[in-house]
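Tertiary structure, described
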Amino acid sequence: MKAVRLHAYNQSPVVEEVAEPTISGPFDVIVRIGGAGLCRTDLHIIEGQWVEKSGVTLPYTLGHENAGWVHAVGSAVSTVAVGDTVIVHPLITCGFCRACRAGNDMHCTSSAFPGISIDGGMATFLKTTARAVVKLDSSLAPKDIAALADAGLTAYHAVKKAIPLLYPGTKAVVIGAGGLGHIGVQCLKALTPAEVIVVDKSAEALELARGWGADHTVRADGSEVARVREITEGQGAEVILDFVGEGGALESGIAMLRRAGYYYVIGYGGRLVVPTIDIISTEINFIGNLVGTYNDLVELMALTAQGKVRLHTVVYPLEAALDAIHDLESGRLHGRGILVPEGA
Ligand SMILES: [Zn+2]
Ligand SMILES: [Zn+2]
């Protein structure tokens, strides 16, 4: 089968022929990929940012945002059958550890992360387990919803945590209206009464953000902090959802935060440098966010089925993965890039 493989850090991945995965454990599920989302994390992987955290050995197949159809199942799998349409939770989890029992899938103590620590879904087939697959209505096209598996799930998880803080009259700032941010805006509008302020460098992205329900849009051109403070009557916003996390977004984002506000770090790559006296004197809070739980994914798929969340996608054939990566790197990709294998 075809797969997008990383052979060396700081070099482009290669689209090449590899062996198909096979069932080896009773709970294994092999998914025929209908769509694999391209994520800024893939760029960070290529840059080597994940070398120590992932422990992966090269070469391996990228792709952690996957959806498709069940192709084969292990002997103990009873929750899905061959042919079912599924979206794949990004993590393979054990089901037995304390985190798994509490539903905190991302903190499983013996997990694997296809696309990050083992072979992922930018390929014809992906191997995962029954615990990771969410069965969907057969009318859903995997390429339309694949990126909800990670980009969407991450945005949903952060917004869900912020719900108690976003009562009527509050304001939330979304920094970055890209692949994650545009889902964040829709989740905020669907789940909270907060006024949503979207900050982005691109006028085109802001125009799209208005279509997803942004109440205010602010161009990140150096005047964004002053603009957000103006919209929030000089106080700053109760919640900042930072989908960028690098390139100056953190510094300006923190300056938009209200006293006792909450700063959700979702995008990453930069460094958070805050004098501790600023943290204690204003009681500001910083919250990390790592993808989301299996149940978050089920809830997000319910919102999608209700038409409250829609992914803005740009489809590329799997063979054109390098074009998609280049478009994402150069800022030309608005919405989520989706790789679709031939015949899917
Ligand atoms: Zn991702
Ligand atoms: Zn576990």
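Further up the page is the structure itself.
My aim in this report is to walk through the structure given alongside it, one point at a time. (Residues numbered from 1 in each chain as written. Chains lettered and ligands numbered in written order. Predicted model: local features only at pLDDT ≥ 70, side-chain atom pairs only at ≥ 80, totals over all residues. Heavy atoms only, no water.)

When you tally the buried positions in helix 6 (residues 181-191), you get eight out of eleven residues, the bulk of the element. Among the residues making up helix 6, those that are buried are G181, H182, I183, G184, V185, Q186, C187 and L188. On its buried face, helix 6 sits against helix 5 (151-162), strand 9 (171-175), strand 10 (195-200), helix 7 (203-211), strand 12 (237-242) and helix 11 (294-305). (Buried < 20%, exposed > 50% of the residue type's maximum accessible area, 1.4 Å probe, protein only. Helix = DSSP H or I, 4+ residues; strand = E, 2+ residues; numbered from the N terminus. Contact = heavy atoms within 4.5 Å.)

Attention now goes to the coordination of the zinc ion (ligand 2). Geometrically, a metal with four donors at the corners of a regular tetrahedron has ideal angles of 109.5 degrees, and one with six donors at the corners of a regular octahedron has ideal angles of 90 or 180 degrees. The protein atoms that coordinate the zinc ion (ligand 2) are C94 (SG), C97 (SG), C100 (SG) and C108 (SG), at distances spanning 2.3 to 2.4 Å. The coordination sphere of the zinc ion (ligand 2) comprises four donor atoms, whose angles at the metal cover 103 to 117°; the geometry is tetrahedral. In primary-sequence terms, the residues that donate to the zinc ion (ligand 2) follow C-x2-C-x2-C-x7-C. One end of the pair, C97, is in the loop between strand 6 (85-88) and helix 3 (98-101); the other, C108, is in the loop between helix 3 and strand 7 (125-129), with eleven residues separating them in the sequence. As far as the burial class goes, C97 and C108 line up, both buried. (Donors = N, O, S within 2.8 Å, 3.2 Å for Na, K, Ca; no water. Tetrahedral: all angles 85-135°; square planar, octahedral: opposite > 155°, others 65-115°.)

It is worth spelling out the environment of Q186 at this point. Positionally, Q186 belongs in helix 6. According to the relative accessible area criterion, Q186 is buried, its value standing at 6%. For the pair Q186 and W212, spaced 26 residues apart in sequence, the C-alpha separation works out to 5.9 Å. When sequence neighbours within four positions are dropped, the list of residues in contact with Q186 reads W212, K308, V309 and R310.

Read across the sheet, three strands follow the order 2-1-4 without closing on themselves; strand pairing throughout is antiparallel. Edge strands, defined here as strands with exactly one partner in the open sheet, are strand 2 (14-17) and strand 4 (60-61). Pairing of strand 1 (residues 2-6) with strand 4, which is carried by two bridges, proceeds in the antiparallel orientation. Paired with L6 across the strands is Y60, a residue of strand 4. (Pairing = 2+ DSSP bridges.)

Across all of its chains, the model carries two aromatic pairs by this definition. Ring geometry for W50 against Y268: centres 6.1 Å apart, planes inclined by 85°, an arrangement best described as edge-to-face. Of this pair, W50 sits in the loop between helix 1 (40-46) and helix 2 (51-54) while Y268 sits in the loop between strand 13 (257-265) and helix 10 (276-282), and the two are 218 residues apart along the sequence. Owing to a relative accessible area of 27%, Y268 belongs among the partly exposed residues under this scheme. (Phe/Tyr/Trp six-rings, centres within 6.5 Å; stacked < 30°, edge-to-face > 60°.)

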